[in-house]
Amino acid sequence: MIRKLFVTGLVLAAFVAVFLWWLSAPSLLADSAFDKLQDPDLARGQDLFWTGGCASCHSPAEAKGDDKLVLSGGAALKSDFGDFYPPNISTDPNAGIGGWSLREFANAMKRGVGPKGEHLYPSFPYTSYTRISMADINDLWGFMQTLPASSNVAPQHALGFPFNIRRALGLWKFLYLKEGSVVKLNTSNEQILRGQYLVEGPGHCGECHTPRTLIGGLQLDAWLSGAKNPDGKGIIPNITPLGSIKDWSATDIAYYLESGFTPEYDSAGGSMVDVQQNIARIPAEDREAISAYLKAIPGHSNGY
Ligand code: HEC
Ligand code: HEC
């Protein structure tokens, strides 16, 4: 009897193990995702690059002006799980990703999977980038081909066990990697919908402004309601209509994103400085769309 139970237990454990292994397997984009792509529009790719803030993580912290376009690897991102070093994603074929195909790039951006089929860490905000359209991925990749190569070899991440096991990320992604829109907006207003795409996708605003679960997933039901600052200092504000910007008009928000000045003539601080400087480079209509969306989303009390 005991022996029978033991065998049944082993069989069950084996099933669970196989199931978890299957569940944690990387999933790639279908071939059809690449149909109908045209020659990349480099100007749109450049706008996407600044909306996505790639340089903030992938170029050296001290880089200014055009040096930001050298994506040689960035400063450590500190987290509860360890230190992540954003890799070299310049056009260098060895130190960077110059040897990658569009397919490999798209799978990294939209599925968080690297060219060897390995899961990437969500400190690379693909949980937002997954919402970027294939046409935009194609334009962004085209633009990135025009950027300089750097042979700098970025440091390895400094992560403890079990966070150094990439396969385990499959389970995390099963819970938290969702492609659909976050907020259900009952509107056909094109400006608001454009803002939704920019904020929830390439702009990845929620990665900082939304609280996280204990294992680091975004709490989508508290979208943009503010969060603890991952670097330990203070909070990141609630930017829903019930948050600290509740008295700002859409014009005030757009002006802040363009100039860094609040309606009280304070200036943006902390990690928002870089975000604001990137967003200042995108078309004014896009900043207006972001602002219209922030006025249209549901209000939440503070998430921190
Ligand atoms: C918040 C910081 C951050 C931002 C913003 C960011 N990345 Fe990254 N990125 C990372 C980190 C960290 C990794 C390493 C992930 C890993 O090792 O699993 C990474 C990895 C990657 C990789 C995989 C590289 C490799 O060698 O495996 C690509 C491609 C990439 N990023 C492209 C981009 C692009 C394009 C943008 C802008 C649209 C961007 N990243 C914005 C932090 C960031
Ligand atoms: C890297 C983290 C990060 C990202 C990404 C980010 N923010 Fe912020 N944001 C902050 C921080 C930190 C502050 C507080 C700035 C300060 O203290 O002056 C802030 C402040 C703001 C404010 C002003 C709120 C106030 O009460 O003063 C607005 C509006 C805002 N962010 C909008 C956005 C939008 C829109 C995006 C996406 C395009 C975005 N943020 C992406 C970190 C971030």
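Refer to the structure above for everything that follows.
Residues numbered from 1 in each chain as written. Chains lettered and ligands numbered in written order. Predicted model: local features only at pLDDT ≥ 70, side-chain atom pairs only at ≥ 80, totals over all residues. Heavy atoms only, no water.

Glancing now at the site of ligand 1. Not every one of the 23 residues close to ligand 1 is listed here, only the nearest: C54, C57, H58, Y121 and H157. Between ligand 1 and the protein, one listed contact pairs a nitrogen atom with a side-chain N or O atom of H58 at 2.9 Å. Within the backbone of Y121, a nitrogen or oxygen atom sits 2.7 Å from an oxygen atom of ligand 1. Classifying every residue of the shell around ligand 1 gives 16 nonpolar, six polar and one charged. (Near = heavy atom within 4 Å. Polar contact = N/O pair within 3.5 Å; in protein donor to acceptor, adjacent residues only side chain to side chain. Nonpolar A, V, L, I, M, F, W, Y, C, P; charged D, E, K, R; others polar.)

Distances from the iron atom of ligand 2 to its protein donors, H209 (NE2) and M272 (SD), fall within 2.0 to 2.3 Å. Classification of the site at the iron atom of ligand 2 as octahedral follows from its six donor atoms and the range of 87 to 179 degrees in their angles at the metal. Pair noted here: H209 is in helix α9 (residues 206-209) and M272 is in helix α11 (residues 272-279), with a separation of 63 residues, a long-range link. On the accessibility criterion, M272 (19% relative accessible area) is buried. (Donors = N, O, S within 2.8 Å, 3.2 Å for Na, K, Ca; no water. Tetrahedral: all angles 85-135°; square planar, octahedral: opposite > 155°, others 65-115°. Helix = DSSP H or I, 4+ residues; strand = E, 2+ residues; numbered from the N terminus. Buried < 20%, exposed > 50% of the residue type's maximum accessible area, 1.4 Å probe, protein only.)

Looking now at the site of ligand 2. As a matter of local geometry, ligand 2 sits amid 20 residues, with C205, C208, H209, S244 and M272 nearest to it. In the environment of ligand 2, an oxygen atom lies 2.5 Å from a nitrogen or oxygen atom belonging to the side chain of S244. Within the backbone of G269, one N or O atom sits 2.7 Å away from an oxygen atom of ligand 2. Of all the secondary structure elements, the ones that give two or more residues to the shell around ligand 2 are α9 and α11. No other element matches α11, which puts three residues into the shell around ligand 2. In the shell around ligand 2, the residues fall into 13 nonpolar, seven polar and no charged.

A lone protein donor binds the iron atom of ligand 1: H58 (NE2), at 2.0 Å. In this fold, H58 is placed in helix α3 (residues 54-58).

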